[in-house]
Amino acid sequence: MTDIGVHGMRGVLRRGAGRIDTATPADRDRAVDALRAAAVLGVVLGHWLVTALVADGPSLRTASPLQHMPWLAPISWLFQTLAVFFLVGGHVATRSHASARARGVPYHQWLTGRLSRLFKPVAAVLSLWTVVALALLLSGAEFGTVRTLVKLALSPLWFLVVFAALTAATPLLTRLNPLWPLAVVLHVDLLRFGLGGPAWLGWVNVAAGWLVPYTLGAAWTRGELERPRAGWVLLAGGAAATVALVALAGYPASMVGVPGQSMSNLDPPTLAVVTFGLAQCGLALLLRERLRRAMGRPVAWAAVALVNLSAMTVFLWHQTALMATTVTGLLAGRLPGLHTRPDDLGWVGARLLWLPVFALALAVCWAAFRSFEQGGGRDRASRVVRSHRPSGRGTATKARHV
């Protein structure tokens, strides 16, 4: 591409970013969108880095570099960002519900609107993978391989079920102190690990564990987390508690599940992943002002706005992008970082080189299925920049958040 072509492309991008920036209401809290985009992209990159599909004869099996190199656990600290997503989700939902009530919108109408934006993209994922699974089985593919692929493809759906349940309960959660669900998680773990209680008790933490950041989001809406002191307390307290639980109580250092490990911090959530989430939420709150300043740059804001517009599409299809690349790559044989055992730094280096390919495959999925999330026409464009007021006491908003 010539210099003229490069400059022309840059000019087009800058003009487009400028239009998005100009169309965004001045009172929109762009830090909220930046945090949501960071949370979604963190999950995507985390899965791409620690999920391996190893070619074992005619079959594919899941593996993780964290199995063979446990000292890489800090990778999971960087990219396991679900707590931030639930923090932002609780903040946005409680503001949206308060705005709906102020405008006289009934609860069922408000909830239908929010859940439809969550679950419309799911129909496309389920439909495609039903067809793919049947086609693979009819073609003679090994059942274990098909099960592995389908399980990975549909694994993001557990998150949507939990998130939808918390969204539906938002009117009951607007005043709930986060210490209550935190106490439930603590007692469940004491019963499970300290007193030999049944393992099924851990599933109580699927709701209670993610209620903690969600209700922190509601506290943010109430204006209770505006001072930097709140962020520092959450960051320092959550980090200290997590270190103590890992070092002294035997919790795994990895904040994601590791195949073959007897205990997972995430499936179901443990006290360690919840305290780690508190630290993450504290850091997110401390970064709000810097993010607001950074989002004043039109190009940065346009990128964040577009990620938010397709957040569910990116989240739901990123595993499919990884698997499509992996299966297609088998046509060329067992490729390093794609089909080989993730047991050394060579694999890590090779996997990093595959990330742009995964991103390209995800872009194809996005182009094919984004309409299920974005809708059409005028509403699709306007949702990028609909306003919500920045932090402060009170809950009134001008319009619903993306």
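What counts and what doesn't
Along each chain, the written sequence defines residue order, and numbers are assigned to residues from 1. Predicted model: local features are reported for residues with pLDDT of at least 70 only, side-chain atom pairs are reported and counted for 80 or more only, and whole-chain, interface and lining totals are derived from all residues. With hydrogens and water set aside, each side-chain value is computed from the structure's full complement of heavy atoms. Here a helix means four or more residues in a row that DSSP labels H or I, a strand means two or more in a row labelled E, and each is numbered from the N terminus. Note on contacts: a residue pair is in contact if any heavy atoms of the two residues lie within 4.5 Å. Areas reported as accessible are Shrake-Rupley estimates using a 1.4 Å probe. Residue values count occlusion only from the protein chains shown. Values of pLDDT, ranging from 0 to 100, describe the predictor's confidence in every residue of the model. Helix axes are fitted to C-alpha atoms over the stretch in contact, other axes to C-alpha atoms as well, and angles between N-to-C directions run from 0 to 180 degrees. We call two directions roughly parallel when the angle between them is under 35 degrees, roughly antiparallel when it is over 145, roughly perpendicular when it lies between 65 and 115, and oblique otherwise. Throughout this entry, Asp, Glu, Lys and Arg are counted as charged residues, while Ala, Val, Leu, Ile, Met, Phe, Trp, Tyr, Cys and Pro are counted as nonpolar. The remaining residues, Gly among them, count as polar. One fewer than the residue count of a helix, multiplied by 1.5 Å, yields its expected span. Two helices crossing with the near one rotated counterclockwise from the far one by less than a right angle form a left-handed crossing, whereas a clockwise rotation gives a right-handed crossing. Using a 1.4 Å probe on the protein chains alone, a residue whose accessible area is under 20% of its type maximum counts as buried, one over 50% counts as exposed, and one in between counts as partly exposed. Pairing between two strands is assigned when DSSP locates at least 2 bridges connecting them. Salt bridge, as used here: a side-chain nitrogen of Lys or Arg that lies within 4 Å of a carboxyl oxygen of Asp or Glu. The angle separating two fitted axes, one through the seven residues that finish at a residue and one through the seven that start at it, defines the bend at that residue. Between the rings of Phe, Tyr and Trp (Trp by its six-membered ring), a pair exists once the centres lie within 6.5 Å; its type follows the angle of the planes, with under 30 degrees stacked, over 60 edge-to-face, and the other angles tilted.

## A look at the overall build of the protein chain
Point 1. Counting its secondary structure elements, the protein chain contains 19 helices and 2 strands.
Point 2. Look at the contacts in the protein chain between residues 6 or more apart in sequence, and 77% of them connect residues 24 or more apart.
Point 3. As displayed, the protein chain has an accessible area near 18,900 Å², and 67% of this comes from carbon and sulfur atoms.

## So, the confidence of the model for the protein chain
Point 1. Across the protein chain, the average pLDDT comes to 87, with 90% of residues at or above 70.
Point 2. Mean pLDDT across the elements of the protein chain bottoms out in helix H19 (residues 377-382) (46) and peaks in helix H13 (residues 271-286) (97).
Point 3. Confidence drops under pLDDT 50 across residues 377-382; counting only partners more than four residues distant or on other chains, this segment forms 5 contacts.
Point 4. Between residues 391-402, whose pLDDT stays under 50, and residues either more than four places distant or in other chains, the model counts 42 contacts.

## Observations regarding the packing of helix H6 (residues 107-138) against helix H7 (residues 143-154)
Point 1. Look at H6 against H7: their axes get within 10 Å of each other, and the N-to-C directions meet at 170°. Our classification of the angle between H6 and H7 gives roughly antiparallel. Contacts between H6 and H7 involve Val125, Leu126, Trp129, Ala133, Leu136 and Leu137 on the former and, on the latter, Phe143, Val146, Leu149, Val150, Ala153 and Leu154.
Point 2. A per-class count over the contact of H6 with H7 returns 12 nonpolar, no polar and no charged.

## Observations concerning helix H10 (residues 179-194)
Every α-helix winds through 3.6 residues per turn, so residues three or four apart in the chain are directed the same way.
Point 1. Here H10 spans 21 Å end to end across 16 residues, near enough to the 22 Å set by a 1.5 Å rise per residue.
Point 2. Close packing links the buried residues of H10 with helix H11 (204-221) and H13.

## Some details on the packing of helix H2 (residues 30-50) against helix H5 (residues 82-102)
Point 1. Contact pair H2 / H5: the axes reach a minimum separation of 8 Å and the direction vectors enclose 145°. Regarding H2 and H5, the two cross each other, and that crossing is left-handed. For the pair H2 and H5, the contacting residues are Val32, Leu35, Arg36, Ala39, Val40 and Val43 in the first and Leu82, Val84, Phe85, Val88, His91 and Val92 in the second.
Point 2. For the contact of H2 with H5, a count of residues per class yields 10 nonpolar, 1 polar and 1 charged.

## Regarding the pairing of strand E1 (residues 52-56)
Point 1. In terms of residue burial, E1 counts as a mostly covered element, since 4 of its 5 residues are buried.
Point 2. Across 5 bridges, the pairing between E1 and strand E2 (residues 59-63) is antiparallel. By the bridge assignment, alanine 55 is partnered in E2 with leucine 60.

## Section: the environment of leucine 345
Point 1. Along the chain, leucine 345 turns up in helix H17 (residues 345-369).
Point 2. Each C-alpha atom of the pair leucine 345 and methionine 69 lies 8.8 Å from the other, and the pair is 276 residues apart in sequence.
Point 3. In this structure leucine 345 touches Met69 and Trp71, once residues within four positions along its chain are discounted.

## Overview of the pattern of salt bridges
Point 1. On inspection of all chains with the given rule, the structure shows 8 salt bridges.
Point 2. For the salt bridge of arginine 28 with aspartate 33, the shortest nitrogen-to-oxygen distance reads 2.8 Å. Across the pair, aspartate 33 and arginine 28 agree in class, each one buried.
Point 3. The partner of arginine 222 in a salt bridge is glutamate 224, with the nearest N and O atoms 2.8 Å apart.
Point 4. One salt-bridge network, held together by shared partners, links Arg28, Asp33 and Arg36.

## So, H6
Point 1. Between its terminal C-alpha atoms H6 stretches 46 Å, which fits the 46 Å expected from 32 residues at 1.5 Å a residue.
Point 2. Maximum bend of H6: about 35°, positioned at serine 116.
Point 3. Of all the residues in H6, the buried ones are Trp110, Leu111, Arg114, Arg117, Leu118, Pro121, Val122, Ala124, Val125, Trp129 and Ala133.
Point 4. Phi turns positive, to about 95°, at glycine 140, one or two residues after H6.

## Some thoughts on the packing of aromatic side chains
Point 1. Per the counting criterion, the structure on display carries 14 aromatic pairs.
Point 2. For the pair tryptophan 48 and phenylalanine 358, a centre-to-centre distance of 5.6 Å together with 55° between the ring planes defines the contact as tilted. Of this pair, tryptophan 48 sits in helix H2 while phenylalanine 358 sits in helix H17, and the two are 310 residues apart along the sequence. Both residues of the pair, tryptophan 48 and phenylalanine 358, belong to the buried class.
Point 3. Centre to centre, the rings of phenylalanine 85 and phenylalanine 163 are 5.7 Å apart; their planes meet at 75°, and the pair counts as edge-to-face. Taken together, the residues phenylalanine 85 in helix H5 and phenylalanine 163 in helix H8 (residues 157-168) connect sequence positions 78 residues apart.
Point 4. Note on phenylalanine 85: relative accessible area 8%, which makes it buried.
Point 5. Note on phenylalanine 163: relative accessible area 9%, which makes it buried.

## Let's talk about the side chain of threonine 81
Point 1. In this fold, threonine 81 is placed in the loop between helix H4 (74-79) and H5.
Point 2. Not counting residues up to four positions away in its chain, the partners in contact with threonine 81 are Ala38, Ala39, Gly42, Val43 and Gln280.

## Overview of the side chain of threonine 326
Point 1. Here threonine 326 lies in helix H16 (residues 311-329).
Point 2. Each residue touching threonine 326, except ones within four places of it in the same chain, is listed here: Leu53, Leu338 and His339.

## Concerning the environment of glycine 238
Point 1. For glycine 238, the position within the fold is in helix H12 (residues 228-248).
Point 2. By relative accessible area, which is 3% here, glycine 238 ends up buried.
Point 3. Along the backbone, glycine 238 and glutamine 280 are 42 residues apart, and their C-alpha atoms lie at a distance of 8.0 Å.
Point 4. Each residue touching glycine 238, except ones within four places of it in the same chain, is listed here: Val233, Thr275, Phe276, Leu278 and Ala279.

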